[in-house]
Amino acid sequence: MRLVTVQTEQGPRACAAWQGRYIDLNAADSSLPSSVKALLALGHEGLKRAQLALATPKITYDPANARLLAPVPDPQKIICMGLNYRDHAAESNMAIPDEPVLFSKYASALIGHGETIRLPSVSNEVDFEAELVFVIGKRGRDIPQSEAMSYVGGYAVGHDVSARDWQLNKPGKQWMAGKTFDTFAPIGPELVTSDEVADPHNLRIQLRLNGQTMQDSNTSQFIFRIDEAIAYISQIFTLEPGDLVFTGTPPGVGMARKPQVWLKPGDVAEVEIDGLGVLRNPVA
Ligand code: MN
């Protein structure tokens, strides 16, 4: 199933993308929740009921006019992995890490497909990073690597927008500050449930800036695979349904180019991942 969150006059509504429409799941079956996070928490049973509800739509939205939020606009946690593609670690002049590099963003940074990335006036070096995002589908702590993939509820296209001057040139190299300005976490358009993604470790991932390809790689280049990441992260804290995990970016970011390329007003950034869709955001 392909899940979206549509912003409506009644607030955010969980919908399924189905036959060219967004179908409001709670309107179709009042026993279903109106948030994607709560739907994920119901597990396979909830998704089965959501699938059945598609046969009796009551409220639907036209994708051409609908305003999308991030598929999960209200996660408890947004966890990000840095330096998770071998070639990107090399272009950043950083050693290949022997454990995952973690940082975080806040939900205040989330925007959906079509929403505007706002360049902060206090940064002159805002960069782009195409990323696969996986979404936690069930609660877990100290999850064994062998069981970890069963904790993934789905996948989405993500963009880890990064202010390099704040990330790297402040005392103590403050990754959090550089990574979580408002609008710096576009995700979408859809959350594609795990059953529809045959192999998340073999997906082509690309970023185009104003139509020009800047990044073009494959998730087969991960240093830490998703199951390793879940086992590692869940040693630290409990993972909850709806938690979002950014999995790092491949080579080709603006910082590593000669001359360097920074986002500027009027740009359009597109991230595309095989089978998951295209996430497009203007820059202002
Ligand atoms: Mn990143």
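Residues numbered from 1 in each chain as written. Predicted model: local features only at pLDDT ≥ 70, side-chain atom pairs only at ≥ 80, totals over all residues. Heavy atoms only, no water.

Asks: Looking at this structure, how should I read the overall build of the protein chain?
Replies: Of regular secondary structure, the protein chain possesses 7 helices and 19 strands. Projected onto the principal axes, the alpha-carbon positions of the protein chain cover approximately 55 × 45 × 30 Å. Expressed as a percentage of its 284 residues, the buried residues of the protein chain come to 56%. Long-range contacts, defined as pairs at least 24 residues apart, comprise 75% of the intrachain contacts of the protein chain with a sequence gap of at least 6. When the accessible surface of the protein chain is summed, it comes to about 11900 Å², and 49% of that surface belongs to carbon and sulfur atoms. (Helix = DSSP H or I, 4+ residues; strand = E, 2+ residues; numbered from the N terminus. Buried < 20%, exposed > 50% of the residue type's maximum accessible area, 1.4 Å probe, protein only. Contact = heavy atoms within 4.5 Å. Areas by Shrake-Rupley, 256 points an atom, 1.4 Å probe, with all protein chains shown as cover.)

Asks: Quick question: what am I supposed to make of the pairing of strand β16 (residues 212–218) here?
Replies: As a general feature of sheets, a regular strand has side chains that alternate between the two faces. In this sheet, β16 lies alongside strand β15 (residues 204–209) in antiparallel orientation, the contact comprising 6 bridges. Note on β16: the bridge partner recorded for arginine 204 is asparagine 218. What sits between β15 and β16 in their antiparallel hairpin is a turn of 2 residues, with asparagine 210 showing a positive phi close to 50°. (Pairing = 2+ DSSP bridges.)

Asks: Is there a simple way to think about the nonpolar core in this case?
Replies: In a soluble, globular protein the nonpolar side chains are often hidden away together inside. The biggest cluster of nonpolar side chains holds 44 residues, and the ones touching the most others in it are Leu132, Phe134, Tyr155, Ile226, Ile230 and Leu276. Of all elements in the fold, only β6 (78–82), β10 (130–136), β11 (152–159), β15, α7 (226–233) and β18 (268–273) reach the threshold of two or more residues within this core. Contact partners of tyrosine 155, with chain neighbours within four places excluded, come to Leu132, Val133, Phe134, Met149, Glu190, Leu191, Val192, Ser194, Val197, Pro200, Ile226 and Leu276. Ala28, Leu32, Leu83 and Trp262 belong to the second largest nonpolar core, which has 37 residues in total. (Core = buried A, V, L, I, M, F, W, Y, C linked by side-chain atoms within 4.5 Å.)

Asks: I tried to follow the pattern of salt bridges on my own but got confused; where do I start?
Replies: If charged atoms from side chains of opposite charge come close, those side chains can pair. Within the structure shown, the criterion is met by 15 salt bridges. Glutamate 129 is the salt-bridge partner of lysine 179, the closest N and O atoms lying 3.3 Å from each other. Taken as a pair, lysine 179 in helix α6 (residues 175–179) and glutamate 129 in the loop between β9 (126–127) and β10 lie far apart in primary sequence, 50 residues in all. By relative accessible area, lysine 179 is classed as buried at 2%. You can call glutamate 129 buried: its relative accessible area is 4%. Lysine 264 is paired through a salt bridge with aspartate 267; the nearest N and O atoms lie 2.8 Å apart. By relative accessible area, which is 3% here, aspartate 267 ends up buried. By sharing partners, the salt bridges in this structure join Lys105, Asp127, Glu129, Asp160, Arg164 and Lys179 into a single network. (Salt bridge = Lys/Arg side-chain N within 4 Å of Asp/Glu carboxyl O.)

Asks: What exactly am I supposed to notice about the coordination of the manganese ion here?
Replies: Six octahedral donors around a metal ideally sit at 90 or 180 degrees from one another, while four tetrahedral donors ideally sit at 109.5 degrees. Coordination of the manganese ion by the protein is provided by Glu129 (OE), Glu131 (OE) and Asp160 (OD), with metal-donor distances spanning 2.0 to 2.1 Å. Expressed as a motif, the donor residue spacing for the manganese ion is E-x1-E-x28-D. Placement of glutamate 131 in strand β10 and of aspartate 160 in the loop between β11 and β12 (162–163) is noted, with a sequence separation of 29 residues between them. For the pair formed by glutamate 131 and aspartate 160, the shared burial category is buried. (Donors = N, O, S within 2.8 Å, 3.2 Å for Na, K, Ca; no water.)

Asks: How do you make sense of the domain arrangement of the protein chain when you look at a structure like this?
Replies: Interfaces are often described in size by the accessible area the parts lose on coming together. For the protein chain, the domain assignment lists domain 1 (2–69) and domain 2 (78–282). Look at where the C-alpha atoms of domain 1 and domain 2 centre, and you get two points 25 Å apart. The contact between domain 1 and domain 2 buries some 1200 Å² in all, and 54% of this surface belongs to carbon and sulfur atoms. Looking at the side of domain 1 facing domain 2, the largest losses of area belong to Arg2, Leu40 and Leu68, adding up to 53% of the total buried there. For the pair domain 1 and domain 2, the number of links is 2 salt bridges. Between glutamate 115 and arginine 67 there is a salt bridge, and its shortest N-O distance comes to 2.8 Å. In this assembly, domain 1 and domain 2 are joined by 5 residue pairs in polar contact (both at pLDDT 80 or more). Looking at side-chain class alone, the side of domain 1 that touches domain 2 contains 9 nonpolar, no polar and 3 charged residues. (Domains from an automatic or database assignment. Buried area = accessible area lost by both parts, 1.4 Å probe. Polar contact = N/O pair within 3.5 Å; in protein donor to acceptor, adjacent residues only side chain to side chain. Nonpolar A, V, L, I, M, F, W, Y, C, P; charged D, E, K, R; others polar.)

Asks: Sorry if this is basic, but what is going on with the sheet that holds β18 here?
Replies: Two strands in a sheet stick together by hydrogen bonds in their backbones, pointing the same way (parallel) or opposite ways (antiparallel). Here we have 4 strands laid out as an open sheet, ordered β16-β15-β18-β19, and antiparallel in their pairing. Each edge of the open sheet carries a strand with a single partner, namely β16 and β19 (277–282). Within this sheet the neighbouring strands show an average axis-to-axis angle of 15°, counted without direction. Of the pairings in the sheet, the one linking β15 to β18 comprises 5 bridges and is antiparallel in character. Bridge pairing in β18 links glutamine 206 to glutamate 272. (Axes fitted to C-alpha atoms, helices over the stretch in contact; angles between N-to-C directions.)

Asks: Which parts of the structure should I look at to understand the packing of aromatic side chains?
Replies: Centre distance and the angle of the planes are the two values used to describe a pair of aromatic rings. Across all of its chains, the model carries 4 aromatic pairs by this definition. Look at tyrosine 85 and phenylalanine 222: their rings are 5.3 Å apart centre to centre, the planes differ by 80°, and that puts the pair in the edge-to-face class. Of this pair, tyrosine 85 sits in the loop between β6 and α4 (86–91) while phenylalanine 222 sits in the loop between β16 and α7, and the two are 137 residues apart along the sequence. When sorted by exposure, tyrosine 85 lands in the same class as phenylalanine 222, which is buried. Taken together, a centroid distance of 5.2 Å and an interplanar angle of 65° make the contact between phenylalanine 103 and tryptophan 175 edge-to-face. Placement of the pair is phenylalanine 103 in strand β7 (residues 101–105) and tryptophan 175 in helix α6, with a sequence separation of 72 residues. Classification of tryptophan 175 as buried rests on a relative accessible area of 16%. Grouped by ring-pair contacts, the aromatic residues Trp166, Phe181 and Phe184 constitute a single cluster. (Phe/Tyr/Trp six-rings, centres within 6.5 Å; stacked < 30°, edge-to-face > 60°.)

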